Amino acid sequence: MKWKVMIFMQGRFCSKCGTQVGINEKYCPKCGAVLSTNNNEVSEDIRKAVNSDFVQMMKRDYFSYQGRLNRKPYFWRSLLIIFLETICYVIFDSVWEDDLFSTVLLLISIMIFILCVIADLMLDIRRLHDVNKSGWFVLLTFIPAVTPFFYLYLFLMPGTDGNNQYGENPLNFK
């Protein structure tokens, strides 16, 4: 599958041996395998990758604002996001060259940083839901004097017992 996805990046590859082949080739020059001329096969593989369990888990755990999130997973997920943001800051600070590699590295780190900020906001909203507050309180993070107290509140305040208007208690084990 990974060879078929690489068609979009740098050419066409044999799905059996991985040898790069020409666009109009019908057989692999190295192993003789019949090459597919149907691009639907490639789009099907990309669709499967997008719907994989890992991607679904990332959407559910980091990019959803619905439901509740208790303190422990909030802490660990926030720690991971802070770690990724720190790596992005280091890359921002260290990239000074004007070559292609530095530019690509900078663009990738900017995209990762933006995704981290979005994931952080979604985690904050779900944590606010756990303490039975509206997700709109996340806007308080844009006030620098309030931000440390806001995060201290999120890290220390226990969630509401039982179900609330935002969902069932995440500590309920079934």
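For clarity, every value in this text was computed on a predicted model and none was experimentally measured.

Next up on the list: the packing of aromatic side chains. Here the distance between the centres and the angle between the planes together describe a pair of aromatic rings. With the rule as written, the count across this model stands at seven aromatic pairs. Look at Phe75 and Trp76: their rings are 5.1 Å apart centre to centre, the planes differ by 75 degrees, and that puts the pair in the edge-to-face class. On the numbers, 6.3 Å between centres and 80 degrees between planes, the contact of Tyr89 with Phe92 is edge-to-face. Within this pair, Tyr89 and its partner Phe92 are both found in helix H5 (residues 71-94), separated by three residues, close to a single helical turn.

On to the confidence of the model for the protein. Here the protein shows a mean pLDDT of 81. Residues at 70 or above account for 81%. This stretch, residues 1-10, has a pLDDT under 50; its non-local contacts, to residues over four places away or in other chains, come to 19 contacts.

Below, the discussion takes up the state of the cysteines. Note on terminology: disulfide describes a covalent bond linking the sulfur atoms of two cysteines. Scanning the entire structure with this criterion turns up zero disulfides. Cys88 carries a free sulfur, and the closest cysteine sulfur to it, the one in Cys116, is 5.6 Å from it.

Here we come to the side chain of Asp124. Assignment of secondary structure puts Asp124 in helix H6 (residues 100-130). Despite its burial, Asp124 pairs with no opposite charge, the nearest such side chain being Arg127 at 8.3 Å. Engagement of the side chain of Asp124 in a polar contact is seen with the side chain of Tyr74, the distance being 2.7 Å. Among residues more than four places away in sequence, those in contact with Asp124 are Tyr74, Val138, Thr141, Phe150, Tyr151 and Leu154.

Closest axis-to-axis distance for the H5/helix H7 (residues 147-156) pair is 8 Å, and the angle between their directions is 130 degrees. Of the possible angle classes, the one that applies to H5 and H7 is oblique. Of the residues in H7, those touching H5 at Arg71, Tyr74, Phe75 and Ser78 are Tyr151, Leu154, Phe155 and Leu156. Residues of the contact of H5 with H7, tallied by class, amount to six nonpolar, one polar and one charged.

Procedures and definitions
- Residues numbered from 1 in each chain as written.
- Predicted model: local features only at pLDDT ≥ 70, side-chain atom pairs only at ≥ 80, totals over all residues.
- Heavy atoms only, no water.
- Phe/Tyr/Trp six-rings, centres within 6.5 Å; stacked < 30°, edge-to-face > 60°.
- Helix = DSSP H or I, 4+ residues; strand = E, 2+ residues; numbered from the N terminus.
- pLDDT = per-residue confidence, 0-100.
- Contact = heavy atoms within 4.5 Å.
- Disulfide = S-S within 2.5 Å.
- Buried < 20%, exposed > 50% of the residue type's maximum accessible area, 1.4 Å probe, protein only.
- Lys, Arg positive; Asp, Glu negative; His and termini not counted.
- Salt bridge = Lys/Arg side-chain N within 4 Å of Asp/Glu carboxyl O.
- Polar contact = N/O pair within 3.5 Å; in protein donor to acceptor, adjacent residues only side chain to side chain.
- Axes fitted to C-alpha atoms, helices over the stretch in contact; angles between N-to-C directions.
- Parallel < 35°, antiparallel > 145°, perpendicular 65-115°, else oblique.
- Nonpolar A, V, L, I, M, F, W, Y, C, P; charged D, E, K, R; others polar.

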